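The lines below spell out each chain.
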Number of protein chains: 2
Amino acid sequence: MVSVSERLQVKKLNFGRAENVGDDVIVESPLSVRVNGNRIATMMCSPLDLDYLVIGYLLSAGMIDQKSQIESLNINHEDGIANVVIPGFTPDRLSTAALTSGCGKGEIYLEVIRHCRRNITEFLLDPISLQSQMSDFNKSSELFLSTGGVHSSALSTGSEMLFLHEDIGRHNAVDKVIGHAASSLVTLEDKVLLSSGRLSSEIMLKAARCNIPVVVSRSAPTSLAVDLARRLNITMIGFARGNRMSIYAGERRIDA
Amino acid sequence: MVSVSERLQVKKLNFGRAENVGDDVIVESPLSVRVNGNRIATMMCSPLDLDYLVIGYLLSAGMIDQKSQIESLNINHEDGIANVVIPGFTPDRLSTAALTSGCGKGEIYLEVIRHCRRNITEFLLDPISLQSQMSDFNKSSELFLSTGGVHSSALSTGSEMLFLHEDIGRHNAVDKVIGHAASSLVTLEDKVLLSSGRLSSEIMLKAARCNIPVVVSRSAPTSLAVDLARRLNITMIGFARGNRMSIYAGERRIDA
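This is a predicted model, so every value here is computed, not measured.

A. Local environment of the overall build of chain A. Each helix and strand counted, chain A has eight helices and 12 strands in total. For chain A, the residues scored as buried account for 57% of the 256 residues in total. Long-range pairs, those at least 24 residues apart, make up 50% of the contacts in chain A with a sequence separation of at least 6. Looking at chain A as shown, the accessible area adds up to about 10,500 Å², and 48% of this sits on carbon and sulfur atoms.

B. Structural context of the side chain of E28 of chain B. Along the chain, E28 of chain B turns up in the loop between strand 2 (17-26) and strand 3 (29-35). A polar contact of 2.7 Å, which involves the side chain of E28 of chain B, links it to the side chain of S201 of chain A. Setting aside residues up to four positions removed in sequence, E28 of chain B forms contacts with S200, S201, T222, S223, L224 and A225 of chain A together with M44, C45 and I168 of chain B.

C. Representation of the relation of the copies chain A and chain B within the structure. Between the two copies, chain A and chain B, the superposition gives an RMSD of 0.0 Å; the rotation angle is 180° and the shift along the axis is 0.0 Å. Within this description, the copies of the chain are treated as partners about a two-fold rotation axis. Most of the interface of chain A is mirrored in chain B, where 100% of its interface residues again form contacts.

D. View of the side chain of K191 of chain A. Residue and element names in this part refer to chain A. With respect to the helices, strands and loops of the structure, K191 is situated in the loop between helix 6 (170-183) and strand 9 (192-195). Side-chain polar atoms of K191 contact the backbone oxygen of T187, separated by 3.0 Å. In this structure the side chain of K191 is engaged in a polar contact, spanning 2.8 Å, whose partner is the side chain of D190. What K191 contacts, discounting residues up to four positions off in sequence, is L155, S156, T157, L162, V186, I212, P213 and V214.

E. Structural view of the domain arrangement of chain A. Residue and element names in this part refer to chain A. According to the domain assignment, chain A contains domain 1 (29-115) and domain 2 (127-253). Listed as interface residues are 20 residues of domain 1 and, on the opposing side, 22 residues of domain 2. Summed over both sides, the interface between domain 1 and domain 2 buries roughly 1,900 Å², with carbon and sulfur atoms accounting for 64% of that surface. Where domain 1 meets domain 2, there are nine residue pairs in polar contact (both at pLDDT 80 or more). Counting residues per element, the ones that place at least two in the side of domain 1 that touches domain 2 are strand 4 (38-45), helix 1 (50-60) and helix 3 (105-115). Ranked by the residues each element gives to the side of domain 1 that touches domain 2, the list is headed by helix 1, at seven residues. Class assignment for the residues of the side of domain 1 that touches domain 2 results in 14 nonpolar, four polar and two charged.

F. Focus on the sheet that holds strand 10 (residues 214-217) of chain A. Read across the open sheet, the eight strands follow the order 8(A)-7(A)-9(A)-10(A)-11(A)-12(A)-1(B)-2(B); overall the sheet is mixed. One side of each edge strand has no neighbouring strand; the edge strands of this open sheet are strand 8 (161-167) of chain A together with strand 2 of chain B. Put simply, the sheet's adjacent strands are angled 25° from each other on average, direction ignored. Summarising the sheet, strand 1 (residues 5-14) of chain B and strand 2 of chain B pair through 10 bridges and their orientation is antiparallel. Within the sheet, the bridge partner assigned to N14 of chain B lies in strand 2 of chain B and is R17 of chain B. Where helix 4 (residues 127-139) of chain A meets the sheet, its contacts fall on strand 7 (151-156), strand 8, strand 9, strand 10, strand 11 (235-241) and strand 12 (244-249) of chain A together with strand 1 of chain B, and the angle it forms with strand 9 of chain A comes to roughly 40°.

Reading guide: rules and limits
- Residues numbered from 1 in each chain as written.
- Chains lettered and ligands numbered in written order.
- Predicted model: local features only at pLDDT ≥ 70, side-chain atom pairs only at ≥ 80, totals over all residues.
- Heavy atoms only, no water.
- Helix = DSSP H or I, 4+ residues; strand = E, 2+ residues; numbered from the N terminus.
- Buried < 20%, exposed > 50% of the residue type's maximum accessible area, 1.4 Å probe, protein only.
- Contact = heavy atoms within 4.5 Å.
- Areas by Shrake-Rupley, 256 points an atom, 1.4 Å probe, with all protein chains shown as cover.
- Polar contact = N/O pair within 3.5 Å; in protein donor to acceptor, adjacent residues only side chain to side chain.
- Least-squares fit on C-alpha atoms with pLDDT ≥ 70 in both.
- Domains from an automatic or database assignment.
- Buried area = accessible area lost by both parts, 1.4 Å probe.
- Nonpolar A, V, L, I, M, F, W, Y, C, P; charged D, E, K, R; others polar.
- Pairing = 2+ DSSP bridges.
- Axes fitted to C-alpha atoms, helices over the stretch in contact; angles between N-to-C directions.

Now the structure itself:
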């Protein structure tokens, strides 16, 4: 059985007083992903729901377009290796998958345009309902409460949270949600992605590649992420805490 | 002139009231690093102190052992490209630089042992002085105050903070500090690295490769980072906030 946190002996200092106590520390574990025998990535992650992580990673990185392309997926927890068989997968695919595979800033948008379509989903979300969900979401990360060291991500219909995943990495948490959706035949085109982490370009590209129309976080966005969201027609909300939120892009989907 | 934050128009919702306001958003920018004409990495970063970032990255990733190996470094801010000339640099070096270049968990420690020595610096730090510095450090990130989106890292003698850097990425902030030290001929063997970010294995390996004996953060550590710190004889402190801190490794350097 793989554990997601580990109790370690720690010396705590508090106002000059020292004591030795047991402390829950989040487990960080490497997972090497091999496709058809070739290593394509090694992730440092929380060793939980690794099948969702691998499937979500392959989808959100644009290496596959649908889960059915995966013929088999075997995870060796002991060695930290995921063996994936994808018929027809060529290493060439790798070089086009990364946002920044180009040579400089100018090529980024070419890459994006080549790999992502503008999101065309139209629906209207109630901000009060979104706020109440973010409030539940911000409270619901159990691992964070005990270890202080994880990010979480969840999928929501806009009025109902479907599932939540945690990981030491914010990218991994999002990938687990995407992999879970793909494994449960839950469509992403009409859902809201919740995240505890900063909204960087990479998170927005994951959303774009998987056709997620709305991304909400309690944290800050970056300028590049806002720009991508606006170009790709994704609704992007940051600083969603308590009764507040800041809408950076795609505000027409929010009934403000 | 490259800017580190950008004012964007945003719709803010606050208790149901909506208003359009200008909001400072942190700039995220790609930097492609080329050594002798070959691209070795692309970083998403804050476009500030990029020379320090590149030098620190090359050192902390174990690609070079000292700054003097760099014959020239030219940064094209417009295109986001850093051209580095390192005589004798071979692409082979790349494959041994990553922690997780191996095939599975078992090989990680072999890699570490191959590339990092146990830290042998002996000195005794006053925890009260460390706490007061962390308190200054936690307050001193200006970009965080305006954008909410950055990490910071600083170098300290244990009683005095020498310099501080900020970046959207916690790894980048640490690399900027390492690059700054190398560029100013400041030794790292007797210094304390402060970080706002989580202490993961990658941060501890950066410290180990650059012989930094003490790492302090206001955030949580991971289990793998604690294990590395203990094996490599690095003092590692987490949750350093207010009058508290948790010592996870190397407590003999703290006068508790």
